[in-house]
Amino acid sequence: MIDKFRAKFVEEGLDNVHDLEEAMLLLEKDPTDKEIIERIFRAMHTLKGGGAMFGFNDLSSFTHHLETVYDWVRNGKLNVTEDIISETFKAIDQIKYLLEVGDVSDESEKQELAQLTQRIKGFVSSTNEDNEAKKGADSKREEDLSASTMEASKTYLIHFKPHTNILQNGTNPLYLLDDVQALGKAFVLYNDENVPELNELNPEDCFVSWDIVLNTTEVLNEIQDVFIFVEDECDLNIVEIFNGDILSHPKFEQIIEQCELGKQKLTAELLKGISWGGDENASSSEKKKVLLKEHKISSIRVASTKIDELVNLVSELVTIQAQLHLYAETNREPKMLDLSESIEKLTRQLRDNAFEISLIPLQNDLMRFQRLVRDLSKELNKEIDFIIEGGDIELDKNIIEHLTDPLLHMIRNCVDHGIEMPEERIKKGKNPKGSVIFKAYYEGSNVIIKIIDDGMGMDPEVILNKAIKKGLVEEGLDLSKKEILDLVFSSGFTTKDVVTDLSGRGVGMDVVNRKIGEIRGEVSIDSDLDKGTTVTLVLPLTLSIIDGLLVSVASGQYVIPISAIEKIIPLEDNDRKSIFNGVIKLGEEHFPVIDLHDIFNEVCGDEKQHIIQVKFEDKRYGLIVDRVIGEYQTVVKPLGRMIKDQEVISGASIMGDGTISMVIDTNRLIHAFGNQKIHK
Amino acid sequence: MEGDFKTLISFGLQGQTFAFDSLMVRNILPYEGQLTRVPNARNFILGVINLHGNIFPVTDMRKIMGIDQQEITVDTSIIIVSPEDKIESQFGIVVDLVKEVFEVETERIEPPVFQRKMGLIESFQGAVTEKGELIHLIDLLHLVSQIESKK
């Protein structure tokens, strides 16, 4: 039994360590931030307490010394120095190790631990003399602390009066109210004075308006965002009326009672008249405690295998649902169709929900990267700013798992090979402090991640020469800059001996490319010599379910992901004849086409054919197929390891009738068959 | 009880009898042409099959071993095996005829009779005589690694 708790403690301990690391990095930027020091202290305290309880004695005593240091820092007896931060980072690594192995038994490890402990103790004893001087500042800081912990919860009065035609656009105002209520504590008062008599009432019009009193910690913008899509279809007025929570005030209840009876109109002035009197501070900090408590139970820890299973089951359900729908449709049973449609709606919601659950924010990984950049740049004596934008982007757990290594590799490349030494940067007229920007954002159904550095960039000529030497391209080919840069993705391009003389990054990029390809992502690279390099990753949001277009090629059925499709064009016989050297002319447009019959070694039938136009990077390609059957939502299943060398097919999916369709990976298809120039 | 027992499943291929560990077998299906072809796959992969919502690749044992194609009869079967006890690694093997599941004492297993390799099968695990019939033992794990290493 105790083992179970121990395991739990280790898991939570690692979370604490994680939190500690994050806080340390923040502290390094601003060593005076009281709130962060508090956070560090708390994390250490938890580790110490838990460690002693579950038999991690070394961990507990070690953390105790560390905690003492931060206790001093907290009380202003000690200032945070570079030294303390460095030692703390080492200590955090030690804590992590202790969490994994329990108590140390090895003699040399014991010594190491003792040394580290000694150094940490040193911070506390050496500062005994000058602590008197700081006492003055001490009390003042404490005040700051109490002020900063006060949560900025505010109360707003929202007057929301939809125009009468709002329902015709399909907007349901009640959903908006739900959204508002999700922001915090809200009281909603409806106003029906404009509602006409029943015989005059047009059910398609909206006559009701609402007054909402909302207590929230969110900023005004968040509230406005709720109404962003109906801005032009309603009168909206949001006023801040109160600093703190008003809803539980007895006077507020009185006013509401009056308003409900129709005796008074709820106005901002009326509410502004309320005040808590003297003990305003006390109650709002109490409120904060309540908020914290609520926050704690608002998330639960679930084993990731359980979530995988849930997603799998939902995927299965989607498949079965398709079968049910097919059955109902072929048997033309109206009752059955109704049922199937209801289930379809439910399934869709369930699916969306299950996928949302399996999404996790990139944030956790980013911590590691930040630490990496910090440690590595210290080691190499480089100065680097690591800037993160969009760390709150969420991605499928499985994608993140596959993403960490490639990202780590690319960031290491940036720091190691990309950014120059400070002296060199000054010579080039650049800021001696280099910057690496990590940027993530959504674009359609994709997530884009960019890693931008302002380092030395890559020299296309060097790359081309290398590639020619390696026999990857023939000499004398006229390649565009982009095509040259793409060469770093070809396998066998970079080996150890190239690292030193290859300018900038691109080391091991073939591995990155392959890994990203495994999760149906795309990598591209752009670089200007001496200006820097940008690596862009385009990733799908989720791996297992896609919206696809079902087409037939000869006797087989194939799914093409809708996200790649631009348009579908029927292929006339005349146009077919105009295909010359793999390029078709349609109207004014010329674009290359790939006949899937050729790719799949099938014979063209007499059937009317279609061109599916897909985009690939910035170009358009046409895929020739036979019939276009329809749009389907499909669960992509892997084909298993035996068929893994399959380039064009990314998986298979089971159709409603139990047959299997192959899912085409358009990107790889075009890469393999469209770019004849590089792939000879 | 003396010695260990091994449970084997035997199947026929071109008049010969082969066997492998029956604990790895998950399912036996009649071959009814329910396969979906995978374009550009290697020649011994016949296609994929939908079994209870999972998709498994199906290989042709005759092509793996480089035996002449036999006609497909009512006896032709697909054995679904799971060599690593993971659903992702399951796959089907098409054989001419599935014979029986039998137990054999491990000490009765003799060194392989075949010395030459057959197609992808580099070597056999052993041989055993059961009911007067010589049965060649195939190591499935070895076969899987052969299939996967061969690109």
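Residues numbered from 1 in each chain as written. Chains lettered and ligands numbered in written order. Predicted model: local features only at pLDDT ≥ 70, side-chain atom pairs only at ≥ 80, totals over all residues.

## Concerning the overall build of chain B
Right, on to step 1. A count of helices and strands for chain B gives two helices and 10 strands.
Right, on to step 2. Listed N to C, the secondary structure of chain B is β-β-β-β-β-α-β-β-β-β-β-α in terms of helices and strands.
Right, on to step 3. Here chain B holds 151 residues, and 28% of them are scored as buried.
Right, on to step 4. Summarising the internal contacts of chain B: among those between residues at least 6 apart in sequence, 53% fall at separations of at least 24. (Helix = DSSP H or I, 4+ residues; strand = E, 2+ residues; numbered from the N terminus. Buried ≥ 20, exposed ≤ 12 C-beta atoms within 10 Å, placed from the backbone. Contact = placed C-beta atoms within 7 Å.)

## Quick look at the overall build of chain A
Right, on to step 1. Assigned secondary structure in chain A consists of 23 helices and 21 strands.
Right, on to step 2. Burial status across chain A gives 30% buried among its 680 residues.
Right, on to step 3. Long-range pairs, those at least 24 residues apart, make up 69% of the contacts in chain A between residues at least 6 apart in sequence.

## Some remarks on the confidence of the model for chain A
All names here are of chain A.
Right, on to step 1. Per-residue pLDDT for chain A has a mean of 76; in total, 85% of the residues score no lower than 70.
Right, on to step 2. Counting contacts from residues 495-506, a segment whose pLDDT is below 50, to residues more than four positions away or on other chains yields 27 contacts.
Right, on to step 3. The low-confidence segment residues 676-680, where pLDDT is below 50, has three contacts with residues more than four positions distant or belonging to other chains. (pLDDT = per-residue confidence, 0-100.)

## Some remarks on unusual backbone geometry
Right, on to step 1. At Ala554(A), a residue that is not glycine, the phi angle is positive and equals roughly 50°.
Right, on to step 2. For Ala554(A), the location among the structural elements is in the loop between β12 (545-553) and β13 (556-561).
Right, on to step 3. Looking at Ala554(A), the number of C-beta atoms within 10 Å reads 17, which means it is partly exposed.
Right, on to step 4. With a phi close to 50°, Lys131(B) is a non-glycine residue in the positive phi region.

## Some details on the interface of chain B and chain A
Right, on to step 1. Counting residues at the interface gives 19 residues for chain B and 23 residues for chain A.
Right, on to step 2. For the side of chain B that touches chain A, the secondary-structure elements that each account for two or more residues are β4 (45-51), β5 (54-60) and α2 (140-149) of chain B.
Right, on to step 3. Residues of the side of chain B that touches chain A, tallied by class, amount to 10 nonpolar, five polar and four charged. (Nonpolar A, V, L, I, M, F, W, Y, C, P; charged D, E, K, R; others polar.)

## Remarks on helix α13 (residues 334-357) of chain A
Every α-helix carries 3.6 residues per turn, so stepping three or four residues along brings you back to the same face.
Right, on to step 1. Taking 1.5 Å as the rise per residue, α13(A) with 24 residues should run 34 Å; its terminal C-alpha atoms sit 35 Å apart, in good agreement.
Right, on to step 2. Along α13(A), the residues that are buried comprise Ser340(A), Thr347(A) and Arg351(A). (Expected span 1.5 Å × (residues − 1).)

## Topic: the sheet that holds strand β7 (residues 91-95) of chain B
Residues and elements named next belong to chain B.
Right, on to step 1. The strand order across the open sheet built from five strands is β3-β6-β7-β5-β4, with neighbouring strands paired in mixed fashion. A single partner strand is all that each edge strand has here, and the edge strands are β3 (25-30) and β4. Each strand of the sheet is rotated relative to its neighbour by a mean of 30°, with strand direction disregarded.
Right, on to step 2. In this structure, β3 lies alongside strand β6 (residues 77-81), joined through five bridges in antiparallel fashion. (Pairing = 2+ DSSP bridges. Axes fitted to C-alpha atoms, helices over the stretch in contact; angles between N-to-C directions.)

## Side note on the packing of helix α3 (residues 57-74) of chain A against helix α4 (residues 82-101) of chain A
Residues and elements named next belong to chain A.
Right, on to step 1. Interaxial distance between α3 and α4 falls to 10 Å at its minimum, and their mutual angle equals 160°. Taken as axis vectors, α3 and α4 run roughly antiparallel relative to one another. The way α3 lies across α4 gives a crossing that is left-handed. Within the contact between the two elements, α3 uses Asp58, Leu59, Phe62, Thr63, Leu66 and Val69 and α4 uses Ile84, Ala91, Gln94, Ile95, Leu98 and Leu99. (Parallel < 35°, antiparallel > 145°, perpendicular 65-115°, else oblique. Left-handed = near helix turned anticlockwise from the far one by under 90°.)

## So, the sheet that holds strand β6 (residues 384-389) of chain A
All names here are of chain A.
Right, on to step 1. Read across the open sheet, the five strands follow the order β6-β8-β9-β11-β10; overall the sheet is mixed. Looking along the sheet, the strands with just one partner apiece sit at the ends: β6 and β10 (522-528). With strand direction ignored, the average angle separating the axes of adjacent strands in the sheet is 10°.
Right, on to step 2. Across eight bridges, the pairing between strand β9 (residues 446-453) and strand β11 (residues 532-540) is antiparallel. Bridged to Lys450 within β11 is Thr536.
Right, on to step 3. Most of the contacts of helix α15 (residues 397-418) go to β9, to which it runs at about 15°, and overall it touches β6, β8 (434-443), β9 and β11.

## With respect to the pairing of strand β10 (residues 133-137) of chain B
Residue and element names in this part refer to chain B.
Right, on to step 1. Both strand β2 (residues 16-21) and β10 contribute to a ladder of three bridges, which runs parallel. Following the sheet pairing, Thr17 is matched in β10 by Ile135.
Right, on to step 2. Note that strand β9 (residues 126-130) and β10 share five bridges and pair antiparallel. Bridge assignment links Val128 to a residue of β10, and that residue is Ile135.

## Side note on the pairing of strand β1 (residues 5-13) of chain B
The side chains of a regular strand alternate between both faces of the sheet.
All names here are of chain B.
Right, on to step 1. The pairing of β1 with strand β8 (residues 97-105) spans seven bridges and is classified as antiparallel. Bridging across to β8, Lys6 finds its partner in Val104.
Right, on to step 2. Pairing of β1 with β2 involves six bridges; the strand directions are antiparallel. What sits directly across from Leu13, in β2, is Gln16.
Right, on to step 3. With antiparallel pairing between neighbouring strands as the criterion, β1 and β2 make up a hairpin whose turn holds two residues, including Gln14 at a positive phi of roughly 50°.

## Concerning the environment of Leu51(B)
Residue and element names in this part refer to chain B.
Right, on to step 1. Looking at the secondary structure, you find Leu51 in strand β4.
Right, on to step 2. Owing to 17 C-beta atoms within 10 Å, Leu51 belongs among the partly exposed residues under this scheme.
Right, on to step 3. Between the C-alpha atoms of Leu51 and Ile80, which are 29 residues apart in sequence, the distance is 9.6 Å.
Right, on to step 4. Those residues in contact with Leu51 that lie beyond four places of it in its chain are Asn27, Phe56 and Ile80.

## Re the nonpolar core
The nonpolar side chains of a soluble globular protein tend to be buried, and buried together.
Right, on to step 1. Ranked by size, the top nonpolar core spans 71 residues in total, and within it Ile560(A), Leu623(A), Ile664(A), Val48(B), Val58(B) and Val94(B) carry the most contacts.
Right, on to step 2. Composition of this core by domain shows at least three residues from each of domain 3 (304-358) and domain 5 (545-673) of chain A.
Right, on to step 3. Not counting residues up to four positions away in its chain, the partners in contact with Ile560(A) are Gly548(A), Leu549(A), Val551(A), Ile565(A), Ile612(A), Ile664(A) and Thr666(A).
Right, on to step 4. Within the second largest apolar cluster, 40 residues are counted, among which are Ile399(A), Met410(A), Met509(A) and Val535(A). (Core = buried A, V, L, I, M, F, W, Y, C linked by C-beta atoms within 7 Å. Domains from an automatic or database assignment.)

## Observations regarding the packing of α15(A) against helix α20 (residues 509-518) of chain A
All names here are of chain A.
Right, on to step 1. For the pair α15 and α20, the least separation of the axes is 9 Å and the interaxial angle reads 155°. It follows that α15 is roughly antiparallel to α20 by the angle criterion. Along this stretch, α15 crosses α20, giving a crossing that reads as left-handed. Note on element contacts: α20 touches α15 through Val512, Lys515, Ile516 and Glu518, opposite His402, Asp405, Pro406, His409 and Met410.
Right, on to step 2. Across the contact of α15 with α20, the residue classes tally to four nonpolar, two polar and three charged.

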